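Tertiary structure, described
Here are the chains, one letter per residue:
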Amino acid sequence: MMSDLSTSPKVLRDVMKQSTDRYPNRKAIIADDVTLTYEQLDRRSKQVASFLRTLSVERGDRIAFLSRNRADYFELLFGGAQLGVVMVPINWRLAPSEIVGVLTDAQPKVVFAEASLLAELKLSDSLEDFMIILIGEDYDSWSRLIEVFPESEVDVSVEGGDQMWQLYTSGTTGAPKGVMLSNHNFFSMAEGLADAWHFEPGCTVYVPYPVFHAVGTAWVVLTLLRGGTVIFRRGFDEEDFLRSVEDHGVSLTMMVPAVLNMVLNHKAIDRFNLQSLKHIVYGAAPITQAVLANAIRKLPNCEFTHAYGLTEATGTVTTMQWHEHVPGTERMNSCGKPFPWVTMRIVDPNLMVDVGPRVAGEVWVKSPTVMHGYFGRPEETAEAIVED
């Protein structure tokens, strides 16, 4: 499927507007404790925008989300998008001192935090300098918080160059750094990525990955862009995945090869009808010949696509499509070819020249998806982003 780019959303808030206009009663998100249609998600996002305005949150401000996966996050994401607010999902797996460091660096106007997680991490006393909105264990507690606010339209100008997202990555050394990503960074690739990875219209996509990772947020947005349904989970469980494929007709998901291997070797895999599963994108490592052969045998209707990327380039820069896989050959060690919107070089970091075939070097990427920079870190930004 090739998309009509002339009608494609250019900013995050337009995803909800376009898809809600087209599919108001279609299920958008099926989470562990709530199912939301497009109309419900859109309406509640507008209520969240009204709520944020009472907290004096304005265009360009940052709001942080410190919680395990939950559907409320996307109401905050799209509610903030109504105002041109930057979402900062926090990696709750970091050490408590690192979490405080990230929040101090990000300078969010408000932190939305899961109460039980704060208690578990013993963070309550360390966050006294932040405005904290505590979220209860279940969706109903969140619903009661925002249902009193109006769902009025917000008249705020939001542009493609406006930052929409701030993901934290530690890179190879040093403290976590805030990667500033704009609407344009994401939507310059969104339709092409959705095409390459088979986000077909009305698809059903299984997403168990944490929202502080690019995949956890981007895959939900791509699904909603295509009018699909997201099966959104707190975390990954092999049997839940298998059951979700059978019960909801999951057609697409993403896995690292090690997780795929666990699914393939699950004792109950043969009990489930997996006919709907057509595509799996895998990343973080090459797939071994043994795992691929087992996958082809147990999932004969499924195609596999490799992805490679980095947070600083909005998540993905290369892909190896299923027809490009050549099992049993050196090709299987490849991360594929750059997307059409990416120019890539392999460079000797000392000589600053391109290296030849089969010579190791640094991966250099030029793309409209490359970040604006590291938040509040001009020196590190200057080291990472160079002129042509």
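Structure: see above.
Every value quoted in this text rests on a predicted model; they were computed, and no experiment measured them.

Right, let's talk about the overall build of the chain for a bit. Of regular secondary structure, the chain possesses 13 helices and 19 strands. Expected size for 388 residues packed as a compact globule is a radius of gyration near 21 Å; at 21 Å, the chain falls within 12% of this value. For the chain, the spread of C-alpha atoms along the three principal axes comes to 60 × 55 × 45 Å. Of all 388 residues assigned to the chain, the portion counted as buried reaches 55%. Across the chain, every contact between residues at least 6 apart in sequence was considered, and the portion connecting residues at least 24 apart equals 68%. Total accessible area on the chain is roughly 17200 Å²; 51% of this is exposed by carbon and sulfur atoms. Taking the 34 positively charged and 49 negatively charged side chains of the chain as two groups, their mean positions are separated by 5 Å.

With that settled, the discussion passes to the sheet that holds strand 18 (residues 362-366). Pairing within the open sheet is antiparallel, and its three strands lie in the order 17-16-18. Looking along the sheet, the strands with just one partner apiece sit at the ends: strand 17 (353-354) and strand 18. Alignment of strand 16 (residues 343-348) against strand 18, held across five bridges, turns out to be antiparallel. When the sheet's bridge partners are listed, methionine 344 is paired in strand 18 with valine 365.

With that settled, the discussion passes to the pattern of salt bridges. Considering all chains together, one arrives at 21 salt bridges under this definition. The partner of arginine 70 in a salt bridge is glutamate 114, and the shortest N-O contact between them spans 2.9 Å. Of this pair, arginine 70 sits in the loop between strand 3 (62-66) and helix 3 (72-83) while glutamate 114 sits in strand 5 (residues 110-114), and the two are 44 residues apart along the sequence. With respect to class, arginine 70 is no different from glutamate 114; both count as buried. Here glutamate 380 and arginine 377 are joined by a salt bridge, their closest N and O atoms 3.4 Å apart.

Axis angle and axis distance: for two packed helices, these are the angle between their axes and the distance between the axes, and together they describe the pair. The N-to-C vectors of helix 1 (residues 13-22) and helix 2 (residues 38-54) enclose an angle of 140°; their axes lie 9 Å apart at closest approach. Crossing angle aside, the handedness with which helix 1 passes helix 2 is left-handed. Along its contact with helix 1, which presents Met16, Ser19 and Thr20, the element helix 2 presents Tyr38, Glu39, Leu41 and Asp42.

Moving on, we get to the nonpolar core. One broad rule of soluble globular proteins: the nonpolar side chains tend to lie buried together. Within the largest apolar cluster, 109 residues are counted, with the highest numbers of intra-cluster contacts made by Ile29, Phe112, Phe186, Trp219 and Leu224. Per-element tally for this core: the top contributor is helix 9 (residues 214-225), with nine residues. Not counting the four nearest positions on each side in its chain, tryptophan 219 is found in contact with Trp197, Phe199, Val205, Val207, Ala214, Leu252, Thr253, Met254 and Val281.

What the rule picks out here adds up to 18 aromatic pairs. Measuring from ring centre to ring centre gives 6.1 Å for phenylalanine 112 and tryptophan 142, while their planes differ by 75°; the resulting arrangement is edge-to-face. Linking phenylalanine 112 in strand 5 with tryptophan 142 in helix 6 (residues 139-146), this pair joins segments that are 30 residues apart in sequence. An identical accessibility class is assigned to phenylalanine 112 and tryptophan 142; each is buried. Their ring planes at 70° and their centres at 5.1 Å tell us that tyrosine 206 and phenylalanine 241 sit as a pair that is edge-to-face. Here tyrosine 206, found in strand 9 (residues 204-207), pairs with phenylalanine 241, found in helix 10 (residues 238-248); they are 35 residues apart in sequence, far enough to count as distant. Residue tyrosine 206 is classed as buried on the basis of its relative accessible area of 0%. The structure contains a cluster of three or more aromatic residues connected by ring pairs, namely Trp197, Phe199, Trp219, Phe339 and Trp341. Here arginine 68 stacks its cationic end above the ring of tryptophan 92, 5.2 Å away from the centre of that ring. In this structure, lysine 177 packs its charged tip against the face of tyrosine 374, placed 5.2 Å from the ring centre.

Scoring rules and cut-offs
Residues numbered from 1 in each chain as written. Predicted model: local features only at pLDDT ≥ 70, side-chain atom pairs only at ≥ 80, totals over all residues. Heavy atoms only, no water. Helix = DSSP H or I, 4+ residues; strand = E, 2+ residues; numbered from the N terminus. Rg over C-alpha atoms; globule rule 2.2 N^0.38 Å. Buried < 20%, exposed > 50% of the residue type's maximum accessible area, 1.4 Å probe, protein only. Contact = heavy atoms within 4.5 Å. Areas by Shrake-Rupley, 256 points an atom, 1.4 Å probe, with all protein chains shown as cover. Lys, Arg positive; Asp, Glu negative; His and termini not counted. Charge placed at Lys NZ, Arg CZ, Asp CG, Glu CD. Pairing = 2+ DSSP bridges. Salt bridge = Lys/Arg side-chain N within 4 Å of Asp/Glu carboxyl O. Axes fitted to C-alpha atoms, helices over the stretch in contact; angles between N-to-C directions. Left-handed = near helix turned anticlockwise from the far one by under 90°. Core = buried A, V, L, I, M, F, W, Y, C linked by side-chain atoms within 4.5 Å. Phe/Tyr/Trp six-rings, centres within 6.5 Å; stacked < 30°, edge-to-face > 60°. Lys NZ or Arg CZ within 6 Å of the ring centre and 35° of its normal.

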